[in-house]
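Notes for the structure review
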Amino acid sequence: PPPQFQAEDGIRDTRTCLVGSEMCIRDRVRTTQPPMQSTPPAMQASERADYDQALAILREGRYDEAAQAFDRFLGSYPGSSYADNASYWLGETYYVTRDFDRALATFKGLTESYPNSPKAPDSYLKTGYIYYEKQDWAAARAALDTVVSGYPGTTAARLASDRLQRMKKEGR
């Protein structure tokens with residue numbers, strides 16, 4: 001099982017690298033519910049089980065199935081406390097299979113719908129990477145600059161800075 005860390009802020013942090021892939025899954029999920037949560041406990045358990053199942057499919061590298069599972073999850077639990085994470089992983093399934101248009105729409109949707117999500121910096125980073133792949137240098141730079149300036153000191157900011165340096169060396 002992947003290592004898990006319970007932070008004081010009620011966020012469970014898990015990191016798993018997919019077999020045969022350079023993609024690592026770092027899942028940060030809020031483990032405490034908002035104070036006014038009115039979802040019945042049975043539905044919360046089912047919601048969590050469905051989310052965990054979709055994540056397990058992704059960890060196995062079954063990207064098409066994972067995309068379907070995350071899409072089903074978001075349709076079944078649109079107001080879920082896991083919705084931002086499910087959106088992020090849905091975007092990752094598209095990104096890793098190079099379906100850049102769907103990935104871009106998913107990552108942008110996440111940053112618009114959940115601007116304070118722990119997944120927002122990574123979503124902006126992936127947006128920058130996608131624009132880089134599409135050779136839209138100005139949009140790539142803007143997205144990567146957003147990460148560097150908006151999330152200083154994070155891994156996402158370091159990776160964005162690295163990509164900006166690479167672009168500079170390439171004359172882009």
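Note: the structure precedes this text.
First, a word on scope: everything that follows refers to the structure included in this document. Bear in mind that the values here come from a model prediction, so they are computed numbers and not experimental data. (Residues numbered from 1 in each chain as written. Predicted model: local features only at pLDDT ≥ 70, side-chain atom pairs only at ≥ 80, totals over all residues. Heavy atoms only, no water.)

1. Details of the overall build of the chain
Scanning the chain from N- to C-terminus turns up seven helices and three strands. Along the chain direction, N to C, the helices and strands of the chain fall in the order β-β-β-α-α-α-α-α-α-α. Out of the 172 residues belonging to the chain, those deemed buried represent 41%. The contacts in the chain between residues at least 6 apart in sequence include a share of 45% that link residues at least 24 apart. Split by element, the accessible area of the chain, about 9,400 Å² in all, is 50% carbon and sulfur. (Helix = DSSP H or I, 4+ residues; strand = E, 2+ residues; numbered from the N terminus. Buried < 20%, exposed > 50% of the residue type's maximum accessible area, 1.4 Å probe, protein only. Contact = heavy atoms within 4.5 Å. Areas by Shrake-Rupley, 256 points an atom, 1.4 Å probe, with all protein chains shown as cover.)

2. Let's talk about helix 4 (residues 100–113)
With 14 residues, helix 4 should cover 20 Å at 1.5 Å per step; its first-to-last C-alpha distance of 20 Å lies within 8% of that length. Inspection of helix 4 places Phe100, Ala103, Leu104, Thr106, Phe107, Leu110 and Thr111 among the buried residues, and these make up the whole buried set. Projected down its long axis, helix 4 carries its buried residues within an arc of 165°, all on one side. Turned more than 90 degrees away from the buried face of helix 4, the exposed residues are Asp101, Ala105, Glu112 and Ser113. Taken together, the buried residues of helix 4 touch helix 3 (83–96) and helix 5 (120–133). (Expected span 1.5 Å × (residues − 1). Arc of directions from axis to C-beta.)

3. Quick notes on the nonpolar core
Core analysis: the largest hydrophobic core is formed by 39 residues, its most contacted members being Tyr51 and Phe70. Looking at this core, the elements with two or more residues in it are helix 1 (41–59), helix 2 (63–76), helix 3, helix 4, helix 5, helix 6 (137–150) and helix 7 (155–169). (Core = buried A, V, L, I, M, F, W, Y, C linked by side-chain atoms within 4.5 Å.)

4. What to know about the pattern of salt bridges
In total, this model carries ten salt bridges according to the counting rule given. For Arg62, the salt bridge is made with Glu65, and the minimal N-O distance between the two is 2.7 Å. Connected via shared salt-bridge partners are Glu60, Arg62 and Glu65. (Salt bridge = Lys/Arg side-chain N within 4 Å of Asp/Glu carboxyl O.)

5. Notes on the packing of aromatic side chains
Geometrically, a pair of aromatic rings is defined through the distance of the ring centres and the angle of the planes. Scanning the entire structure with this criterion turns up nine aromatic pairs. An angle of 65° between the planes, with centres 6.2 Å apart, marks the rings of Tyr51 and Phe70 as edge-to-face. You can see Tyr51 sitting in helix 1 and its partner Phe70 sitting in helix 2, a full 19 residues away along the chain. Each member of the pair, Tyr51 as well as Phe70, is classed as buried. For the pair Tyr95 and Phe100, a centre-to-centre distance of 5.8 Å together with 55° between the ring planes defines the contact as tilted. By the burial criterion, Tyr95 is buried, and Phe100 matches it. Put simply, the rings of Tyr51, Phe70, Phe73, Tyr77 and Tyr82 pair up and form one aromatic cluster. Directly above the aromatic system of Tyr129 lies the positively charged group of Arg163, at a separation of 4.2 Å from the ring centroid. Above the plane of the ring of Tyr132 lies Arg163, whose end atom (NZ or CZ) is 4.6 Å from the centre. (Phe/Tyr/Trp six-rings, centres within 6.5 Å; stacked < 30°, edge-to-face > 60°. Lys NZ or Arg CZ within 6 Å of the ring centre and 35° of its normal.)

6. So, unusual backbone geometry
Leave glycine aside and you will find that most residues have negative phi; peptide bonds, for their part, are mostly trans. Despite not being glycine, Arg98 has its phi angle at roughly 65°, a positive value. Counting through the fold element by element, Arg98 comes out in the loop between helix 3 and helix 4. Unlike most non-glycine residues, Gln135 shows phi in positive territory, near 60°. Note on placement: Gln135 falls in the loop between helix 5 and helix 6.

7. Here's the deal with the packing of helix 3 against helix 4
For the pair helix 3 and helix 4, the least separation of the axes is 8 Å and the interaxial angle reads 160°. Relative to helix 4, helix 3 is oriented roughly antiparallel. Here helix 3 runs over helix 4; the crossing is left-handed. For the pair helix 3 and helix 4, contact is made by Asp84, Ser87, Tyr88, Leu90, Gly91, Glu92, Tyr94 and Tyr95 and by Phe100, Arg102, Ala103, Thr106, Phe107 and Leu110, respectively. Considering only residue class, the contact of helix 3 with helix 4 consists of eight nonpolar, three polar and three charged. (Axes fitted to C-alpha atoms, helices over the stretch in contact; angles between N-to-C directions. Parallel < 35°, antiparallel > 145°, perpendicular 65-115°, else oblique. Left-handed = near helix turned anticlockwise from the far one by under 90°. Nonpolar A, V, L, I, M, F, W, Y, C, P; charged D, E, K, R; others polar.)

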